[in-house]
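# Observations on the model geometry
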Amino acid sequence: FSWDETANEVRHAGKLGNLPLIVISSDPRRNHLGNRWDRAQAEFTSLSTHSSRVIAEGSGHMIPYQRPDLVISAIRQLVGSGGQASGGAAVGSK
C-alpha cells in the first residue's frame with residue numbers, strides 16, 4: 001500500500017459534480033494516521049457538491065463491522081432523499 005500513490009489517484013480522478021456522496025470516517029481517537037487521514041477524508045468529501053461526512057464514533061478502519069448502523073443510515077438517507085446527501089458533518093455516537 002502506498003499512501004502517496006492512493007492520494008494521487010484520488011486527486012486525479014476528478015470531481016463528482018452533484019453526485020450524492022456520504023463519507024463515513026473512522027473515529028479520530030482510534031485512527032493511528034492522525035491529521036493526514038483526516039485531511040484525506042475531507043478531500044474525499046469535497047469531491048461532490050452534494051456531500052456530507054459522518055464520524056463513526058468508536059470505530060476504527062472496519063466501519064461496516066463496527067458501526068453497521070451508520071452504513072445502513074447513510075444508505076437509507078441517500079435512497080430516501082432521492083440521492084441527495086445532506087450537507088455538513090455529523091457525528092455518529094453509539
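So, how was this worked out
- Residues numbered from 1 in each chain as written.
- Predicted model: local features only at pLDDT ≥ 70, side-chain atom pairs only at ≥ 80, totals over all residues.
- Heavy atoms only, no water.
- Helix = DSSP H or I, 4+ residues; strand = E, 2+ residues; numbered from the N terminus.
- Buried < 20%, exposed > 50% of the residue type's maximum accessible area, 1.4 Å probe, protein only.
- Contact = heavy atoms within 4.5 Å.
- Areas by Shrake-Rupley, 256 points an atom, 1.4 Å probe, with all protein chains shown as cover.
- Polar contact = N/O pair within 3.5 Å; in protein donor to acceptor, adjacent residues only side chain to side chain.
- Pairing = 2+ DSSP bridges.
- Salt bridge = Lys/Arg side-chain N within 4 Å of Asp/Glu carboxyl O.
- Core = buried A, V, L, I, M, F, W, Y, C linked by side-chain atoms within 4.5 Å.
- pLDDT = per-residue confidence, 0-100.

## Details of the overall build of the protein
- Scanning the protein from N- to C-terminus turns up 4 helices and 3 strands.
- Element order for the protein, N to C, with α for helix and β for strand: α-β-α-β-α-α-β.
- The burial tally for the protein puts 32% of its 94 residues in the buried class.
- Within the protein, counting contacts between residues at least 6 apart in sequence, those at least 24 apart form 76% of the total.
- Here the protein displays about 6,100 Å² of accessible surface, and carbon together with sulfur accounts for 57% of that area.

## What to know about the side chain of Asp27
- Within the element layout of this structure, Asp27 appears in the loop between strand 1 (21-26) and helix 2 (34-45).
- A polar atom in the side chain of Asp27 sits 2.7 Å from the backbone nitrogen of Gly58.

## Some thoughts on the pairing of strand 1
- The buried count for strand 1 comes to 5 of 6 residues, which makes it a mostly enclosed element.
- As judged from the 6 bridges shared by strand 1 and strand 2 (residues 51-56), these two strands associate in the parallel manner. When the sheet's bridge partners are listed, Ile24 is paired in strand 2 with Val54.

## Observations concerning the pattern of salt bridges
- Here the structure, examined in full by the defined rule, presents 1 salt bridge.
- A salt bridge links Arg67 to Asp69; the nearest nitrogen and oxygen atoms lie 2.7 Å apart.
- Note on Asp69: relative accessible area 37%, which makes it partly exposed.

## Details of the nonpolar core
- Judged by nonpolar contacts, Ile22, Val54, Ala56, Ile63, Leu70 and Ala74 together constitute the single largest core of 6 residues.
- The contact partners of Ala74, leaving out residues within four places of it in the chain, are Ile22 and Ile24.

## Observations concerning the confidence of the model for the protein
- Summary statistics for the protein give a mean pLDDT of 80 and a share of 80% for residues scoring 70 or more.
- Looking across the protein, the model is least confident in strand 3 (residues 89-92), with a mean pLDDT of 52, and most confident in helix 3 (residues 63-66), with 92.

## Regarding the environment of Gly14
- Within the secondary structure, Gly14 sits in the loop between helix 1 (3-12) and strand 1.
- With relative accessibility at 29%, the residue Gly14 sits in the partly exposed group.
- C-alpha of Gly14 to C-alpha of Ser48: the two residues are 34 residues apart in sequence and 9.8 Å apart in space.

## Quick look at the side chain of Arg53
- Residue placement: Arg53 occurs in strand 2.
- You can call Arg53 buried: its relative accessible area is 12%.
- Within the local environment of Arg53, its side chain forms a polar contact with the side chain of Ser25, the two groups lying 2.8 Å apart.

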